[in-house]
Amino acid sequence: MENDFLSTGIPSLEQIEAIVPSKARREKGPFVVIECFQEIPCDPCYHSCRFGAICEFATINDIPKVDWDKCTGCGICVAACPGLAIFVVDETFSDTECLVALPYEFLPLPEKGEKVSLLSRSGAELATGEVHRVVPGRKPAGTTVVWVRAPKELSMEVRNIRLTRRGGANRE
């Protein structure tokens, strides 16, 4: 329910299902998932999309909508979102794994090939994954985007990571 979202910050299954493309589109390759459920004055995602996949807003308070035929899953909008509410999912990566692009604002940055804990929206550990690619954010406002390999069945659940190497402020 929306009231639950307002108190927990965690969207309901119904909210998530409403923003995900059709199965046929999901099978064509990477797609954006915009988990922005509140009407707030924000539109960097629209301005960042060079393919026009994020539809023009009627007002700056609109909730983003996606034209699935134009979305390439490039991930530029992930780095542009100040609310850290945009992800890219590629369920065509392999038969058993998907790729998930996540905004990441912690230091140190993970490294390609590094094993990480895959976390849900609530911070619960779901599985172990591997960093596939790290795209450093452009200064002054760009967010780093970390692409992780995850079990395919967790494609719509993985929304953060925790580093598992020893040492460091945010490491176990």
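Residues numbered from 1 in each chain as written. Predicted model: local features only at pLDDT ≥ 70, side-chain atom pairs only at ≥ 80, totals over all residues. Heavy atoms only, no water.

Before going further, it helps to examine the overall build of the protein chain. On a plain count of helices and strands, the protein chain comes out with five helices and seven strands. The linear arrangement of helices and strands in the protein chain, starting from the amino end, is α-α-α-β-α-α-β-β-β-β-β-β. In terms of overall size, the protein chain behaves like a compact globule, its C-alpha atoms giving a radius of gyration of 16 Å where 172 residues would be expected to give roughly 16 Å. When its C-alpha atoms are laid out on the principal axes, the protein chain stretches across 50 × 35 × 35 Å. Looking at the protein chain as a whole, 41% of its 172 residues are labelled buried. Counting every atom, the protein chain has about 9400 Å² of accessible surface; 53% of that belongs to carbon and sulfur. Within the protein chain, one finds 20 positive and 24 negative side-chain charges whose respective centroids are separated by 7 Å. (Helix = DSSP H or I, 4+ residues; strand = E, 2+ residues; numbered from the N terminus. Rg over C-alpha atoms; globule rule 2.2 N^0.38 Å. Buried < 20%, exposed > 50% of the residue type's maximum accessible area, 1.4 Å probe, protein only. Areas by Shrake-Rupley, 256 points an atom, 1.4 Å probe, with all protein chains shown as cover. Lys, Arg positive; Asp, Glu negative; His and termini not counted. Charge placed at Lys NZ, Arg CZ, Asp CG, Glu CD.)

This part takes up the nonpolar core. Counting residues in each nonpolar core, the largest one holds 18 residues, and the members touching the most others are V32, I34, C45, I54, C77, I86 and W147. Going through the elements one at a time, strand 1 (31-34), helix 5 (76-80), strand 2 (86-90), strand 3 (97-104) and strand 6 (144-151) are the ones with two or more residues in this core. Leave out the neighbours within four places in its chain, and V32 touches V66, W68, C71, C77, I86, F87 and V88. (Core = buried A, V, L, I, M, F, W, Y, C linked by side-chain atoms within 4.5 Å. Contact = heavy atoms within 4.5 Å.)

Another aspect to go through is empty space enclosed by the protein. The gaps of empty space that remain are located by a probe, the size of a water molecule, rolled over the atoms. This model, assessed by the stated rule, comprises one cavity of 30 Å³ or more. Each pocket or cavity is described by its volume, and for the largest cavity that value is around 80 Å³. Lining the largest cavity are 13 residues, with C49, A53, C71, C74 and C77 sitting closest to its centre. Each residue belonging to the lining of the largest cavity can be placed in one class, and the counts come to ten nonpolar, three polar and no charged. (1 Å grid on protein atoms, 1.4 Å probe; cavity = no way out; pocket = protein on both sides within 12 Å on 5 of 7 lines; lining within 4 Å. Points joined across faces, edges and corners; volume = space filled by probe spheres on them. Nonpolar A, V, L, I, M, F, W, Y, C, P; charged D, E, K, R; others polar.)

Next up on the list: the environment of G29. Its location among the elements puts G29 in the loop between helix 3 (23-26) and strand 1. Accessibility expressed as a relative area gives 3% for G29, which makes it buried. Once residues lying within four places of it in the same chain are set aside, the contact partners of G29 are V89, D90 and T92.

A few words now on the side chain of E114. Mapped onto the elements, E114 comes out in the loop between strand 3 and strand 4 (115-119). Excluding its chain neighbours within four sequence positions, the residues that come into contact with E114 are G129, E130, V131, L163 and R165.

Before going further, it helps to spend a moment on the packing of aromatic side chains. In the structure shown here, the tally under the stated rule is two aromatic pairs. The interplanar angle of 40° and the centroid separation of 6.1 Å between the aromatic rings of Y46 and F57 together place this pair among those described as tilted. Residue Y46 is found in helix 4 (residues 44-48), and its partner F57 is found in the loop between helix 4 and helix 5; the two are separated by eleven residues along the sequence. You can call F57 buried: its relative accessible area is 12%. Ring centres 5.4 Å apart and planes at 70° place the aromatic pair Y104 and F106 in the edge-to-face group. The ring of W147 carries R133 above its face, with NZ or CZ at 4.5 Å from the centroid. One Lys or Arg, R159, reaches over the ring of F87 and ends 4.7 Å from the middle of that ring. (Phe/Tyr/Trp six-rings, centres within 6.5 Å; stacked < 30°, edge-to-face > 60°. Lys NZ or Arg CZ within 6 Å of the ring centre and 35° of its normal.)

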